[in-house]
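Listed here are the chains, written in short residue letters.
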Amino acid sequence: MMLMTNKAVRQVVAALTYLLMSLLAKVEAMMRRRRERRQSDDNDDDGYCLSWRLGVEANNVRSWRTVPPECYNHVQQYMTGGQYQQDMNLIINQIVAYASQITLSPDSMDAWILDVDDTCISNISYYQGRRFGCDPFDSATFKAWIMKGMCPANPAVLQLFNTLKERGFKVFLLTGRDHATLGKITIDNLHSQGFIGYERLILRTAEYKGQSAVKYKSAIRKEIEGEGYRIWGNVGDQWSDLQGECLGTRTFKLPNPMYFIS
């Protein structure tokens with residue numbers, strides 16, 4: 001076999017180099033297209049999830065059972081990345097501004113209603129383990145979480161609670177939690193988080209078992225008004241907190257894209 005001349009060697013090396021560079025360029029182009037497609041898909045998901053969350057908060061999306069799987073990252077970022085708390089602060093500021101304009105009567109019968117779960121106290125830590133609502137609701141594990149008595153206060157709502165008390169409103173805490181099994185732990189949890197001095201904590205008794213949240217909370221508000229109280233404001237994270245009868249002069253919806261209660 002004849003030895004290749006230097007010129008032939010250089011030609012072979014050049015050809016191989018050209019082929020290698022062409023191959024690398026094709027691989028790089030393919031990877032770039034994949035990244036662009038992935039980014040486009042992520043943008044599509046984020047846009048959809050923004051619209052989905054808006055629909056939820058506006059009560060246009062109803063009776064949903066779980067957060068769409070493609071919205072897990074979106075809801076996680078919303079709940080833990082700071083925007084949720086900013087939204088809460090804005091709404092609470094609006095409530096305080098409204099409350100400051102009300103002239104209270106000397107009879108001490110001016111009332112306010114606050115929901116408990118994900119209004120006064122937060123279940124974000126629990127839902128973090130449930131993929132922020134992507135997993136189906138499990139009543140047993142949720143009850144076990146409640147029984148720990150570890151729900152932290154929503155800081156903005158605790159501030160609102162204290163402001164309303166200082167202004168002279170009678171604050172009622174109204175929850176769908178079961179009175180018989182969760183009454184004591186709920187009281188202890190609320191007190192440990194600074195919710196002290198409310199007019200009354202009302203939990204669901206056997207009389208209201210099986211009723212929808214709307215029907216149950218409507219009945220309780222009607223009883224409160226029947227006692228002579230004037231309900232100036234009603235705050236909750238679920239639309240079912242703010243629907244039905246005897247709603248009060250104004251209602252305020254707090255954000256919650258993690259679950260829906262009818």
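Residues numbered from 1 in each chain as written. Predicted model: local features only at pLDDT ≥ 70, side-chain atom pairs only at ≥ 80, totals over all residues. Heavy atoms only, no water.

The chain appears in an unreviewed UniProt entry as Acid phosphatase 1 from Stylosanthes scabra. Under the UniProt heading Sequence similarities (unreviewed entry), the entry covering the chain gives this text: "Belongs to the APS1/VSP family." (UniProt positions renumbered as here; feature names shortened; annotations may be inferred.)

Caption draft 1: Highlighting the overall build of the chain. For the chain, the helix and strand inventory stands at eight helices and five strands. When the helices and strands of the chain are read in sequence order from the N terminus, they spell out α-α-α-β-α-α-α-β-α-β-α-β-β. The globule rule puts the C-alpha radius of gyration for 262 residues at 18 Å, and the 28 Å found for the chain is more than 25% above it. With the C-alpha coordinates of the chain rotated into their principal frame, the extents come out at 115 × 40 × 35 Å. Taken over 262 residues, the chain has a buried fraction of 39%. (Helix = DSSP H or I, 4+ residues; strand = E, 2+ residues; numbered from the N terminus. Rg over C-alpha atoms; globule rule 2.2 N^0.38 Å. Buried < 20%, exposed > 50% of the residue type's maximum accessible area, 1.4 Å probe, protein only.)

Caption draft 2: A look at the pairing of strand E4 (residues 230-236). By the criterion of burial, E4 is predominantly enclosed, with five of the seven residues buried. With five bridges joining them, strand E1 (residues 110-115) and E4 adopt parallel strand pairing. When the bridges of E4 are listed, Asp110 appears paired with Arg230. (Pairing = 2+ DSSP bridges.)

Caption draft 3: Representation of the packing of aromatic side chains. Applying the stated rule across the entire model yields 16 aromatic pairs. A centroid spacing of 5.2 Å and a plane angle of 80 degrees characterise the contact between Trp112 and Phe169, whose relative ring orientation is edge-to-face. Taken as a pair, Trp112 in strand E1 and Phe169 in the loop between helix H6 (155-167) and strand E2 (170-178) lie far apart in primary sequence, 57 residues in all. Accessibility classification places Trp112 together with Phe169 in one group, the buried group. Here a set of aromatic residues connected by ring pairs shows up, and it is made of Tyr126, Tyr127, Phe137, Phe142, Trp145 and Tyr259. In this structure, Arg204 packs its charged tip against the face of Tyr216, placed 4.4 Å from the ring centre. (Phe/Tyr/Trp six-rings, centres within 6.5 Å; stacked < 30°, edge-to-face > 60°. Lys NZ or Arg CZ within 6 Å of the ring centre and 35° of its normal.)

Caption draft 4: Layout of the pattern of salt bridges. Under the counting rule described, the total for this entry stands at nine salt bridges. In this structure, Lys184 engages Asp188 in a salt bridge whose closest nitrogen and oxygen atoms are separated by 2.7 Å. Highlighted residues: Lys184 and Asp188, both in helix H7 (residues 179-192), separated by four residues, approximately one helical turn. Looking at Lys184, the relative accessible area reads 63%, which means it is exposed. Ionic contacts of the salt-bridge type, sharing partners, join the residues Asp107, Asp110 and Arg230 into one network. (Salt bridge = Lys/Arg side-chain N within 4 Å of Asp/Glu carboxyl O.)

Caption draft 5: Here's a closer look at the sheet that holds strand E3 (residues 200-204). Judged by pairing direction, the sheet is parallel, and its five strands sit side by side in the order E3-E2-E1-E4-E5 without closing on themselves. The sheet is open, and its two borders are formed by E3 and strand E5 (250-253), each paired with just one other strand. Neighbour-to-neighbour, the strand axes of the sheet open up by a mean angle of 20 degrees, direction not taken into account. Here four bridges tie E2 to E3, and the two strands are oriented parallel to one another. Bridging across to E3, Leu173 finds its partner in Leu201. (Axes fitted to C-alpha atoms, helices over the stretch in contact; angles between N-to-C directions.)

Caption draft 6: Up close: the state of the cysteines. By the definition in use, this model includes one disulfide. One disulfide in the model links Cys49 with Cys71; its S-S distance is 2.1 Å. With the S-S dihedral at roughly -95 degrees, the linkage between Cys49 and Cys71 falls on the left-handed side. Separated by 22 residues along the polypeptide, Cys49 in helix H1 (residues 6-57) and Cys71 in the loop between H1 and helix H2 (72-80) bring together distant segments of the chain. A relative accessible area of 0% places Cys71 in the buried class. Looking at Cys151, it has no disulfide partner, and the nearest cysteine sulfur is the one in Cys120, 11 Å off. A relative accessible area of 0% places Cys151 in the buried class. (Disulfide = S-S within 2.5 Å.)

Caption draft 7: Local environment of helix H8 (residues 213-226). Between the first and last C-alpha of H8 there are 20 Å, a value that for 14 residues agrees with the 20 Å anticipated at 1.5 Å per step. Every buried residue belonging to H8 is among Ala213, Tyr216, Lys217, Ser218, Ile220, Arg221 and Ile224, and all of these are buried. Close packing links the buried residues of H8 with E1, E2, E3 and E4. Downstream of H8 by one or two residues, Gly228 has phi in the positive range, about 105 degrees. (Expected span 1.5 Å × (residues − 1). Contact = heavy atoms within 4.5 Å.)

Caption draft 8: Seen up close, H6. With 13 residues, H6 should reach 18 Å at 1.5 Å per residue; the first-to-last C-alpha distance of 18 Å fits that figure. Residues Ala156, Val157, Leu158, Leu160, Phe161 and Leu164 constitute the buried set of H6. One or two steps after H6, the chain reaches Gly168, where phi turns positive at roughly 105 degrees.

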